[in-house]
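Observations on the three-dimensional arrangement
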There are 2 protein chains.
Amino acid sequence: MTPSASTAAALPALDVAGRIDHLRALFPEAGIDALFVTRLVNIRYLTGFTGSAGLLLVGPDEVLFVTDGRYKDQSADQLAAAGVPARIEISGTEQKRIVHDAAQATGYGRVGLEAHGVTWSQQRGFASEWFPAAELVATEGLVEGLRRVKDPGEVARIRAACGIADTAFANVAGHLADRPTELEFGLELEFEMRRLGASAMSFEPIVAAGPNGAKPHARPSDRRIGPGELLVLDFGCIVDGYCSDMTRTVSVGDPGPEARRMYEVVLESQQAGRDAVRQGVEAAAVDKACRDVIAEAGWADAFLHGTGHGVGLEIHEDPRVSATGRGTLAAGYVVTVEPGVYLTGIGGVRIEDTVVVTPDGCDVLTASPKDLVL
Amino acid sequence: MTPSASTAAALPALDVAGRIDHLRALFPEAGIDALFVTRLVNIRYLTGFTGSAGLLLVGPDEVLFVTDGRYKDQSADQLAAAGVPARIEISGTEQKRIVHDAAQATGYGRVGLEAHGVTWSQQRGFASEWFPAAELVATEGLVEGLRRVKDPGEVARIRAACGIADTAFANVAGHLADRPTELEFGLELEFEMRRLGASAMSFEPIVAAGPNGAKPHARPSDRRIGPGELLVLDFGCIVDGYCSDMTRTVSVGDPGPEARRMYEVVLESQQAGRDAVRQGVEAAAVDKACRDVIAEAGWADAFLHGTGHGVGLEIHEDPRVSATGRGTLAAGYVVTVEPGVYLTGIGGVRIEDTVVVTPDGCDVLTASPKDLVL
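Keep in mind that what you see is a predicted model, and the values were worked out from it rather than measured. (Residues numbered from 1 in each chain as written. Chains lettered and ligands numbered in written order. Predicted model: local features only at pLDDT ≥ 70, side-chain atom pairs only at ≥ 80, totals over all residues. Heavy atoms only, no water.)

Each side of the interface is counted separately: chain A has 29 residues, and chain B has 29 residues. A combined buried area of about 2,700 Å² lies between chain A and chain B, and 63% of that area is made up of carbon and sulfur atoms. Applying the counting criterion to the chain A and chain B interface returns two salt bridges. Notably, a salt bridge pairs B:E190 with A:R194, separated by 2.9 Å at the nearest N-O pair. (Contact = heavy atoms within 4.5 Å. Buried area = accessible area lost by both parts, 1.4 Å probe. Salt bridge = Lys/Arg side-chain N within 4 Å of Asp/Glu carboxyl O.)

Residue and element names in this part refer to chain B. Sheet architecture is open: six strands sit in the order β4-β3-β2-β1-β5-β6, paired in mixed fashion. With one partner strand each, in any of the chains shown, β4 (87-90) and β6 (135-139) form the two edges of the open sheet. Pairwise comparison of adjacent strand axes, ignoring direction, gives a mean angle of 20° for this sheet. Relative to the sheet, helix α7 (residues 120-130) contacts β1 (34-37), β2 (55-58), β5 (110-114) and β6, its axis offset from that of β6 by approximately 155°. (Pairing = 2+ DSSP bridges. Helix = DSSP H or I, 4+ residues; strand = E, 2+ residues; numbered from the N terminus. Axes fitted to C-alpha atoms, helices over the stretch in contact; angles between N-to-C directions.)

Another aspect to go through is the domain arrangement of chain A. All names here are of chain A. Structurally, chain A comprises domain 1 (3-147) and domain 2 (152-364). Measuring from the centre of the C-alpha atoms in domain 1 to the corresponding centre in domain 2 gives 34 Å. Contact with domain 1, which involves 15 residues of that partner, is made by 17 residues of domain 2. Taken together, the two surfaces of domain 1 and domain 2 that pack against each other cover about 1,300 Å², and 56% of this comes from carbon and sulfur. Looking at the side of domain 1 facing domain 2, the largest losses of area belong to L11, L14 and R147, adding up to 36% of the total buried there. Of the charged contacts in the structure, one is a salt bridge between D240 and R44, with a shortest N-O distance of 3.7 Å. Applying the counting criterion to the domain 1 and domain 2 interface returns five residue pairs in polar contact (both at pLDDT 80 or more). Put simply, the parts of the chain that give the side of domain 1 that touches domain 2 at least two residues each are α1 (4-9), α4 (40-47) and α8 (142-147). (Domains from an automatic or database assignment. Polar contact = N/O pair within 3.5 Å; in protein donor to acceptor, adjacent residues only side chain to side chain.)

Below, the structure is given as structure tokens:
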């Protein structure tokens, strides 16, 4: 086995140091003096800290990081390695007082709080006890917005996760001939990704055969995967915090003319979507490129979801690539392109790649072949 | 492989039907007319619904369940099987209007909202758009309080999860002689639990050898597990939604006199804790029973955490079994008893069982042997 720690050690360093300044540049428009970052994934992005508990108060000139005794050495090491000049305070019981005193001392008037990242219960406590002298401002997606553009170190991690998924699929695909159940094959795929160094799955693999494939979010069942059935496989894994995402649809033996036609249409749609991706294009235009091909084939109503989403530290992140997705794609965004056709009682076809947006188009990070018949 | 769906099918039915009435009985003291349940784990407990998206509005006489098209059939089947008489509405885009109209029609004045279960962002939307005519009341732990007492079907699931963990450990323990790394052995343990029918892990297994064992929440590393080292193994799995939790400390070969003494003290402490568990006893008294044994040995400061916690649909739930834990244990509570001693630079010993509280004592659900030396 190749443990994940070794995989991570071979990856290029992340470019963490400048991220807090990029965040600060957003403060004026957000109308805040400071941001109290509570979402761990955002703390990881801003500081390099990978522990399971921490709080980050980013002011205009100072940064306070608070965690508990479990992470004393780790937080000092990781923030130093990332070049983040924060004051680190370690406490299990005095975190409220530490943050309160820091906010009082600096006199922040308006403190941003990630409205999607705190519970209502937490917000009530923060308002009354942690920041009694400040006005808490609900912010949405400030750090998440920064996270859309991936630096080379981030792309390398997503690429590594995609590579593990590709290799795992190649290693276990032959077992489909033995008619495993969906659950059995899902476990094989997962175990193989873990053996190859993934620290975890990006999400529970989707292994949906025959009619189950008509449900875009089916969960693996005891159903045996039969010959000539469309089989939707949607899976991904995590390397050093970063996710991969890929879908392939296959069949053991010929699935018949209607399924072949579904496959050809979705393959063409997915290629059209990839061809549409480039810096400056509207996210909605990529969705339209996919959707037009499927509509022309008469299956507009059978494409039940958006075309894609951003991928990074989270499996679903900004931007959305859908008919209602706003904004344009920028170089360095990592997004999925995953059109599908789902026919109730018959089955589904979905084909998905994870790609990096470039000035001229995109780099495709998922490399598994797109052959329908195994 | 024995897939998890088969395991679940062999378990006795859960006693779901009466839970909503038990919840309603709490409304007067909470000062609410209705509760808007957003935590999925609580919705599962109250209705039997196991999907990944749903909302539940419980009024004095009526129940509204809302989910999206993916769960049309599943929600109807599961609520009917559980005997929950709810109005089910299916919509992807109209959920706000459906809930709004239901609340308007019934005229709820005070609607409880799970303050730990919604984000601040959600609460703001619910207040202004979903329930504009009602006062939203922050509730804490209403459903979680009910969930403390497990019915026989719930205990059977936890027992099944504990049994899988026991079997998996017995099956892979022999491989420790081959000096695997912590990561490798953690993967083996996990794969074996999954092969035996667990749907997932309760948490990432802790496999902490030598000095790593001195950190109660260490994560598995590339470190090889050497002979004569204390090895802390803390792991559990999920069967039909219910978690197990167990810790064993072992050594391949004799770990020496100090480690043996640590082990004997923790073993005695854990036995004292189990002996203290029975219906009506203070949770804090169980903690004290464990702590006194360790203090007498001179290691009071080396027992770095509380004695235990409730286990059920979540790996950590009410009650807390600690020095500051309030309240008494009731029959049907399922809790862990897990004292430990951690000596920096040397290692750790923790021994943990999951037990069901009974009128006279407790039933121990985790059955792996407690032999230090393998």
